[in-house]
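# Tertiary structure, described
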Amino acid sequence: MARILAVTNQKGGVGKTTTAVNLSACLAEYGQRVLLIDLDPQGNATTGCGVVKREAMPTVYQILIGRSTIDETRCGTDFGFDLLPANRELAGAEIELIELGQREYRLRDSLAGLRDDYDFILMDCPPALNLLTVNGLVAAATVMIPMQCEYYALEGLTDLVATLKKVRANLNPVLEIEGLLRTMFDPRSTLTQQVSRELEGHFGNKVYATIVPRNVRLAEAPSYGKPVIAFDRGSKGAQAYLALAREILERAGGQKIAAAGGARR
Ligand code: ATP
Ligand code: MG
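A brief structural summary. Note that the coordinates shown come from a computational prediction; the quantities given were computed from them, not determined experimentally. (Residues numbered from 1 in each chain as written. Chains lettered and ligands numbered in written order. Predicted model: local features only at pLDDT ≥ 70, side-chain atom pairs only at ≥ 80, totals over all residues. Heavy atoms only, no water.)

### Considerations on the pattern of salt bridges
Within the structure shown, the criterion is met by 14 salt bridges. Each of D71, R74 and D117 takes part in salt bridges that share partners, so that together they form one network. (Salt bridge = Lys/Arg side-chain N within 4 Å of Asp/Glu carboxyl O.)

### Some words on the environment of A25
For A25, the location among the structural elements is in helix 1 (residues 16–29). With 204 residues separating them along the chain, A25 and I229 place their C-alpha atoms 7.5 Å apart. Apart from residues lying up to four places away in sequence, A25 is in contact with F81, P227 and I229. (Helix = DSSP H or I, 4+ residues; strand = E, 2+ residues; numbered from the N terminus. Contact = heavy atoms within 4.5 Å.)

### A look at the sheet that holds strand 3 (residues 75–76)
Taken in spatial order, the eight strands line up as 3-4-2-5-1-6-7-8 in an open sheet, and their pairing is mixed. Either end of the sheet is taken by a strand with one partner, and the two such strands are strand 3 and strand 8 (207–213). As defined by bridge partners, strand 1 (residues 3–7) adjoins strand 6 (residues 142–148) across three bridges and the pair is classed as parallel. Its bridge partner being in strand 6, L5 is matched across the sheet by T142. Sitting on the sheet, helix 8 (residues 151–170) touches strand 6 and strand 7 (176–185), and the angle it makes with strand 6 is about 165°. (Pairing = 2+ DSSP bridges. Axes fitted to C-alpha atoms, helices over the stretch in contact; angles between N-to-C directions.)

### Points about the nonpolar core
Within the largest apolar cluster, 47 residues are counted, with the highest numbers of intra-cluster contacts made by I37 and M123. Among the elements that line this core, the one with the most residues is helix 7 (residues 131–139), at six residues. Not counting chain neighbours up to four residues away, the residues in contact with I37 comprise V60, L84, L111, I121, L122, M123 and D124. The next biggest cluster of nonpolar side chains, apart from the first, holds 37 residues, and it includes V21, C26, L36 and A240. (Core = buried A, V, L, I, M, F, W, Y, C linked by side-chain atoms within 4.5 Å. Buried < 20%, exposed > 50% of the residue type's maximum accessible area, 1.4 Å probe, protein only.)

This is how it looks when you write it as structure tokens:
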């Protein structure tokens, strides 16, 4: 049964897409069957996996409005995982969904037949608490929250936690926080250290031990249409996302995974 995970934070530019793409590639590297769903009209996750966005391509948009099936939409990537792509058209779904019944449940219902095809289904959510994100939160079992350790991050987190509570009360009672991921981490900053400690104090073991440092290779890789492990495997960014994948697998299975291990399927 696939673990369905929404990578979300309504704050922009905190590393959601970077995390969704690189974690997908790293989980695949450890032999996991992974589907990445691009739920953002910006389509950054789509380009980040080397899939060229075209106007006429079937995307998550068609799935949400019931005009296309998963099989017609899903494509492979060169990195061992599958993708449901997005393009700008998805921005229109927000309006069209309002007219449709069961509008918060449409993604969840479309994924129902897929749960045995994958070990992980990751969703890259847009930087907003809109109907696309709500579809992601209703389809998900858990949320992964990437965040930068800066002052406003904690305020944003309060809003996000309140939204998760509402979704749990009204739409998806099983939704849980999978973990909080510190991204673009700069250990030299005192404020970063402070916010990081506050986060650990508040959320305890929900905060991943793995920290993603600020690393220029992570920012460069998408312009080559590659996850960082396929671009510069030795970089600190690649090592961090490999470590995150291991941490997630070890948390689930209770077993240590060798750092170099995990042959590709
Ligand atoms: P949006 O809210 O717009 O969807 P996002 O939360 O998905 O943004 P990303 O697109 O992943 O954030 O990252 C924002 C920018 O920061 C991108 O240019 C990305 O390449 C860069 N970036 C992400 N993580 C790191 C990192 N650890 N080190 C350096 N640059 C990073
Ligand atoms: Mg993004």
